Amino acid sequence: MRFRHPDGTTVHLSYCTNVHPAETLDGVLAQLRDHCEPVRRRLGRDRLGIGLWLARDAARALTTDPAALRGLRAELDRRGLEVVTLNGFPYEGFGADEVKHRVYRPDWAEPERLTHTADLARLLAALLPDDVTEGSVSTLPLAWRTRWDERTAATAHTALTTLAERLDALEELTGKSIRIALEPEPGCIVETTSDAIGPLTAVASPRIGICVDTCHLATSFEQPGPALDALTAAGITIPKAQLSAALHAEHPHLPDVRDALAAFAEPRFLHQTRTLPRPHRAGNPPSAAHLRGTDDLHEALAADALPDASPWRAHFHVPLHAPPAPPLTSTLPVLRDTLARLAGGPTPLTRHLEVETYTWQALPDAQRPRSRAQLADGIAAELTLARDLLTDLGLKELP
């Protein structure tokens, strides 16, 4: 879906296909038929943007077979789909029964991450619509925090610098500008937007910027205004943003709230949980330094693991249009505030927006879609909400 910003800029809205497990090229082609095209039809659109996830095996099949790449491009066109952004965070196995910490490997200190991301950039340059010259690829925020020291930091810096040089060469060759976006996530080396400023300033390339994920932003209790202002002041670009909502518990000390949270503590994905205890003195506002957290929701629910006098937020991407039932809710207000900053100003801070709710099948049993049709209905409803937010900000939906 395309929108015209009041300044004349085209802003793209898509949804991320990592919600549909597919490790191979055949699986990717099947998801275009079984999921993406049905979503497009529900929205009554001739064209729908998708944020394509290409796992390692699918990406390798495309990079080694030009005919296969041409075939994918033709299939996208035939089904009324377009790609301006890729999700390069998961490397493989995102549809496994247990993902957890595996999603952070390989990290940016391992050569496979550079190779895979450079491959994705080349593929995206070939998949971009003819009238689009800019693409984006989101990627993990360097590494999970336990695998980091001066040596790995230096290796990752070299890898990102090398990648920026390759992206420069790619634009010279193809005329397509591909930018990479590190996606801050709780528990990682780059957990917040402020954590990204140092490493990205050191790389010093407009090719490498930040992917603002509004679920992650909210989970870390970052305030959208100051966070985005700091990135702008530091000259850090925002190649893409992911529109997502976290799980919010206002009163985690109450037994019924803990029971409701326990229904979201599932074994497949990691659900980092954070709280920001209220300051004890007037005039001493809380900051990120006060943040307390656990690496998973079930750990937070263990006795005394986290202070429970203040709200908890968990890294669980809940559907945008359907917040959980009371006593829980979602951080949709953070998404609204962030989007207003990203797209509601005199010029947009990013031109690529992606709805990324990959946890549909990890929801409590009663809330999970029971069929492809129900899943398509839910994704279409999320995109409709995002579309309405953009038009409320003064953007005009394009045919």
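Just so we're clear, the structure is a prediction, and the values are computed from it rather than from any experiment. (Residues numbered from 1 in each chain as written. Predicted model: local features only at pLDDT ≥ 70, side-chain atom pairs only at ≥ 80, totals over all residues. Heavy atoms only, no water.)

Q: Looking at this structure, I do not really get unusual backbone geometry. What am I missing?
A: What is expected of a backbone is that most residues other than glycine have negative phi and most peptide bonds are trans. The omega angle of the peptide bond from R105 to P106 is -10°, so this bond is cis rather than trans. With respect to the helices and strands, the residue P106 is situated in the loop between β4 (81-87) and α4 (111-127). In this structure, L142 takes a positive phi of about 75° despite not being glycine. One can find L142 in the loop between β5 (134-139) and α5 (150-174). A relative accessible area of 4% means that L142 is categorised as buried. At A204, a residue that is not glycine, the phi angle is positive and equals roughly 55°. Along the polypeptide, A204 turns up in the loop between α6 (193-203) and β7 (208-213). (Helix = DSSP H or I, 4+ residues; strand = E, 2+ residues; numbered from the N terminus. Buried < 20%, exposed > 50% of the residue type's maximum accessible area, 1.4 Å probe, protein only.)

Q: Would you explain the sheet that holds strand β11 (residues 292-294) in this entry?
A: In sheet architecture, strand pairing relies on hydrogen bonds along the backbone and comes in two forms, parallel and antiparallel. Strand order in the open sheet formed by 5 strands is β11-β10-β12-β9-β13, with antiparallel pairing between adjacent strands. If you trace the sheet from one side to the other, it starts and ends with β11 and β13 (328-330), each paired once. The mean inter-strand angle of the sheet, taken between neighbouring strand axes irrespective of direction, is 30°. Judged from the 4 bridges that link them, strand β9 (residues 245-249) and strand β12 (residues 312-318) form a sheet pairing that is antiparallel. Bridge assignment links A245 to a residue of β12, and that residue is V318. (Pairing = 2+ DSSP bridges. Axes fitted to C-alpha atoms, helices over the stretch in contact; angles between N-to-C directions.)

Q: Where do I start with the pattern of salt bridges in this structure?
A: When the charged atoms of two side chains lie near each other, side chains of opposite charge can form a pair. Counted under the stated rule, the structure contains 33 salt bridges. Where R147 meets D107, a salt bridge forms, and the shortest distance between an N and an O atom there is 2.9 Å. Within this pair, whereas R147 is found in the loop between β5 and α5, its partner D107 is found in the loop between β4 and α4, the two being separated by 40 residues in sequence. What makes R147 partly exposed here is its relative accessible area of 32%. (Salt bridge = Lys/Arg side-chain N within 4 Å of Asp/Glu carboxyl O.)

Q: Would you mind going over helix α11 (residues 332-343) with me for this structure?
A: One turn of the α-helix equals 3.6 residues, which is why residues spaced by three or four share an orientation. Relative to the 16 Å expected for 12 residues at 1.5 Å per residue, α11 spans 16 Å between its end C-alpha atoms, a close match to the ideal helical length. What α11 keeps buried is the set L332, V334, L335, T338, L339, L342 and A343. One face of α11 carries all of its buried residues, which in axial projection span an arc of 145°. (Expected span 1.5 Å × (residues − 1). Arc of directions from axis to C-beta.)

Q: Explanation requested: the nonpolar core in the structure shown.
A: For soluble globular proteins, nonpolar side chains are generally found buried alongside one another. L13, Y15, L54, I208 and L383 are the most contacted members of the largest nonpolar core, which totals 112 residues. The element best represented in this core is helix α12 (residues 372-392), accounting for 9 residues. Those residues in contact with L54 that lie beyond four places of it in its chain are V28, A59, L62, L86, N87, H116, L120 and L123. (Core = buried A, V, L, I, M, F, W, Y, C linked by side-chain atoms within 4.5 Å. Contact = heavy atoms within 4.5 Å.)

Q: Would you mind showing me how to read the side chain of R268 here?
A: You can see R268 is positioned in the loop between α9 (255-262) and β10 (273-275). Polar side-chain contacts of R268 include one of 3.2 Å to the backbone oxygen of A96. When neighbours within four sequence positions are excluded, R268 is seen to be in contact with P21, F94, G95, A96, D97, E98, V99, K100 and Q361. (Polar contact = N/O pair within 3.5 Å; in protein donor to acceptor, adjacent residues only side chain to side chain.)

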